[in-house]
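Here is how the chains run, residue by residue.
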Amino acid sequence: MKIFGIAGWSGSGKTTLIEKLIPRFTARGLRVSLIKHAHHSFDVDQPGKDSYRHRHAGAAEVLVTSSRRWVLMHELRGAQEPPFEEQVKHFAPCDLLIVEGFKHAPIPKLEVWREAPGEGLLHPQDPHIVAVASDAKIETKLPLLDLNDDARIAEFVVKHLALA
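We now turn to the structure provided with this report. The shown structure was predicted, so the numbers you read here are calculated from the model rather than taken from an experiment. (Residues numbered from 1 in each chain as written. Predicted model: local features only at pLDDT ≥ 70, side-chain atom pairs only at ≥ 80, totals over all residues. Heavy atoms only, no water.)

## Structural notes on the overall build of the chain
On a plain count of helices and strands, the chain comes out with four helices and eight strands. Taking the principal axes of the C-alpha coordinates as reference, the chain spans close to 55 × 35 × 25 Å. Considering the chain as a whole, with its 164 residues, one finds that 37% of them fall into the buried category. Within the chain, counting contacts between residues at least 6 apart in sequence, those at least 24 apart form 52% of the total. Accessible surface, the chain: about 10400 Å² in total, of which carbon and sulfur atoms supply 52%. Within the chain, one finds 21 positive and 21 negative side-chain charges whose respective centroids are separated by 4 Å. (Helix = DSSP H or I, 4+ residues; strand = E, 2+ residues; numbered from the N terminus. Buried < 20%, exposed > 50% of the residue type's maximum accessible area, 1.4 Å probe, protein only. Contact = heavy atoms within 4.5 Å. Areas by Shrake-Rupley, 256 points an atom, 1.4 Å probe, with all protein chains shown as cover. Lys, Arg positive; Asp, Glu negative; His and termini not counted. Charge placed at Lys NZ, Arg CZ, Asp CG, Glu CD.)

This is the structure:
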């Protein structure tokens with residue numbers, strides 16, 4: 001399994017880019033999975049549903065399954081969030097695991113950067129960033145990709161990870 005991160009500040013366009021990249025990778029026959037680091041208060045369960053009621057009653061894990069999908073919810077109940085490396089172990093085998101968030105994980109990453117959010121560049125402080133995708137001209141020694149050219153970005157990732 002190859003791992004590649006998409007890093008950037010909130011509002012930079014990471015999710016939109018990933019949404020365009022996944023079909024490009026799957027069209028190449030790659031099995032793609034994704035791990036996204038979310039804010040601590042996120043919830044995938046709906047109040048009133050049986051799984052929600054069981055989880056809130058104190059179950060440590062609740063697995064909901066159907067003929068189309070399954071999801072396992074694990075409550076930390078005050079325990080520390082497991083490190084990135086432990087989270088990755090939960091995935092079934094795939095060709096490419098895309099990582100959104102986990103800015104400090106020691107994995108190759110593409111920095112998505114726009115001027116609009118008003119934040120600085122990440123790559124000067126992160127040696128794991130291997131390229132930058134932006135809609136602006138910036139000074140960098142890394143490969144600079146056009147944020148609007150998802151075909152070129154997908155090609156870069158495939159070549160960088162030797163998936164072709």
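Now that the structure has been shown, the text picks up again.
## Examining the nonpolar core
Within the largest apolar cluster, 24 residues are counted, with the highest numbers of intra-cluster contacts made by Phe4, Ile6, Phe25 and Leu110. At the level of elements, strand S1 (2-7), helix H1 (14-27), strand S5 (96-100), strand S6 (109-113), strand S7 (129-134) and helix H4 (150-160) are the ones that each hand at least two residues to this core. Per-element accounting of this core gives the leading share, five residues, to H4. Residues in contact with Leu110, not counting those within four places in the same chain, are Phe4, Gly5, Ile6, Ala7, Leu17, Ala131, Val132, Ala133, Leu145 and Ile153. Counting residues in hydrophobic clusters, the runner-up holds nine residues, among them Ile35, Phe84, Cys94 and Ala105. (Core = buried A, V, L, I, M, F, W, Y, C linked by side-chain atoms within 4.5 Å.)

## Some details on the pattern of salt bridges
Inspection of the entire model under this criterion finds 10 salt bridges. Across the pair Arg55 and Asp43 runs a salt bridge whose closest N-O atoms are separated by 2.8 Å. Taken together, the positions of Arg55 in helix H2 (residues 50-56) and Asp43 in the loop between strand S2 (32-36) and H2 put the pair 12 residues apart, joining distant regions of the chain. For Arg55, a relative accessible area of 7% puts it in the buried group. Lys159 is the salt-bridge partner of Glu155, the closest N and O atoms lying 3.9 Å from each other. Taken as a pair, Glu155 and Lys159 lie in helix H4 at a separation of four residues, close to a single helical turn. One continuous salt-bridge network, built from bridges that share partners, spans Asp43, Asp45, Arg55 and Glu75. (Salt bridge = Lys/Arg side-chain N within 4 Å of Asp/Glu carboxyl O.)

## Things to note about a nonpolar patch on the surface
Taken together, the side chains of Phe42, Val44, Val64 and Val71 present a nonpolar region at the surface, about 340 Å² in accessible area. Tracing the backbone shows Phe42 in the loop between S2 and H2. With a relative accessible area of 55%, Phe42 lands in the exposed category. (Patch = residues over 30% accessible without salt bridge, like charges linked within 9 Å, V, L, I, M, F, W, Y side chains within 5 Å.)

## Quick word on unusual backbone geometry
Despite not being glycine, Phe102 has its phi angle at roughly 45°, a positive value. Within the secondary structure, Phe102 is located in the loop between S5 and S6. One non-glycine residue, Ala162, adopts positive backbone phi at about 55°.

## Describing the sheet that holds S2
Read from one edge to the other, the open sheet built from six strands follows the order S2-S5-S1-S6-S7-S8, with strand pairing classed as parallel. The sheet terminates laterally at S2 and strand S8 (144-146), the two strands that pair on one side only. The mean angle between the axes of side-by-side strands here comes to 25°, regardless of whether they run parallel or antiparallel. This element, H1, spans S1, S2, S5 and S6 of the sheet and lies at about 175° to S5. (Pairing = 2+ DSSP bridges. Axes fitted to C-alpha atoms, helices over the stretch in contact; angles between N-to-C directions.)

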